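# An overview of the molecular structure
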Amino acid sequence: MPISMRRLFSITAVASLTVPFHSQTLLGSPASPDPLDAAPSRFATLDGARVHYKSLGDPAAKTAVVFVHGWSCDLTSWRAQVPAFDGKARMLLVDLPGHGKSDRPAIDYTMERFARAVEAVMKDAGVERALLVGHSMGTPVIRQFWRLFPQKTLGLVAVDGALRSYFKDAGAVDKFTAMFSGPDFPKTIDGFLNSTFVASTPEAVKTDVRKMASGATQAVAVSAMRGQFDPAIWKDDPIGVPLQVIVAKSPIWNADYFAYVRTLNPSAEIVEIPDAGHFVMMEKPAEVNALLLAFAAKTGVAKGTCASTSAAPAL
């Protein structure tokens, strides 16, 4: 896969997580009950369609950490984060419309619709304000949430997701998304996934990413890909809430990009994690969880923690 494909997908790629791999690593035993699987499914409603989510932690809490997955993924992308936040914060994990167990109506899957779905989930769960964590495509989703619902936004965390687009016009977007519109969609998406892996990406993560993507429908995938690159949403408006940026160390996340992020939020906390691919929260869960917990504590969503990380220091 050409390196340019990898650069593009680093902004948009799907995310997934293996149950056997991480349950053994994080929970201590293959037989340990998985808290995410054990949590009951719940459904909010947006424009007559069901939006699936799971709520973990104190159901009476009015603040929460809301986890938003990436392109063609679902809420299990964040499986490795659930044990780390257990007992420290309420969590909402969302299947965006068209993904996971949510309904798949014949609509345009825009970042605004996804953001409204997150807000519908918060309402259904009784959560008034949230720290939103978005991976890949989840980053423009949570940024759109901030634009629509600033009073409900305590902070944003972009996990290997972009705050600016490489596409500057609709024609370029159409050309890029066209490759997913043909009859070889399964083969195309598999090749696309391969471009996101690095030498250190565990085989278990690769397997589960492919498994996750196998559940994607072509209509939703193409629409969501087009929606996230809609030039209308890529603006230079400030981000006026606490902002954390966690990225895998890569040439695509360079000094120019980090300088741009600081034009949006001068106090942004930016951290690079070495030896990881696009699925950084799955490949390096201990490092990412420590960063997320510390940031959640700063924003008042999580109980204080003295967790440490071997990730690169904040820039």
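Everything numeric in this text was worked out from a predicted model, so none of it was measured. (Residues numbered from 1 in each chain as written. Predicted model: local features only at pLDDT ≥ 70, side-chain atom pairs only at ≥ 80, totals over all residues. Heavy atoms only, no water.)

### Some thoughts on the environment of A117
With respect to the helices and strands, A117 occurs in helix 5 (residues 111–125). Taking the relative accessible area as the measure of exposure, A117 reaches 0% and is therefore buried. With 21 residues separating them in the primary sequence, A117 and L96 have C-alpha atoms 6.8 Å apart. Ignoring any residue separated from it by four or fewer positions in sequence, one finds A117 in contact with L46, V51 and P97. (Helix = DSSP H or I, 4+ residues; strand = E, 2+ residues; numbered from the N terminus. Buried < 20%, exposed > 50% of the residue type's maximum accessible area, 1.4 Å probe, protein only. Contact = heavy atoms within 4.5 Å.)

### Side note on the confidence of the model for the protein chain
Per-chain confidence: the protein chain averages 87 in pLDDT, with 87% of residues scoring 70 or above. Per-residue pLDDT stays below 50 along residues 1–30; that stretch engages in 107 contacts with residues further than four places along the chain or on separate chains. Contacts from residues 306–310, a stretch scored under 50 in pLDDT, to residues over four places away or in other chains number six contacts. (pLDDT = per-residue confidence, 0-100.)

### Side note on the sheet that holds strand 7 (residues 243–248)
Read from one edge of the open sheet, eight strands run 1-2-4-3-5-6-7-8, paired in mixed fashion. Strand pairing shows two members of the sheet lacking a second neighbour, strand 1 (42–46) and strand 8 (269–273), which therefore form its edges. Adjacent strand axes in the sheet meet at a mean angle of 20°, parallel and antiparallel pairs treated alike. Pairing between strand 7 and strand 8: five bridges, direction parallel. Bridge pairing in strand 8 places V247 opposite E272. Across the sheet, helix 5 is in contact with strand 1, strand 2 (49–56), strand 3 (63–68), strand 4 (91–94) and strand 5 (129–135); its angle to strand 1 comes to roughly 125°. (Pairing = 2+ DSSP bridges. Axes fitted to C-alpha atoms, helices over the stretch in contact; angles between N-to-C directions.)

### Quick notes on the pairing of strand 7
Strand 7 sits mainly inside the fold: six of its six residues count as buried. The pairing of strand 6 (residues 153–159) with strand 7 spans four bridges and is classified as parallel. Following the sheet pairing, L156 is matched in strand 7 by L243. With helix 11 (residues 255–264) bridging strand 7 and its parallel neighbour strand 8, the resulting β-α-β unit is right-handed. (Right-handed = clockwise from strand over helix to strand, strands pointing away.)

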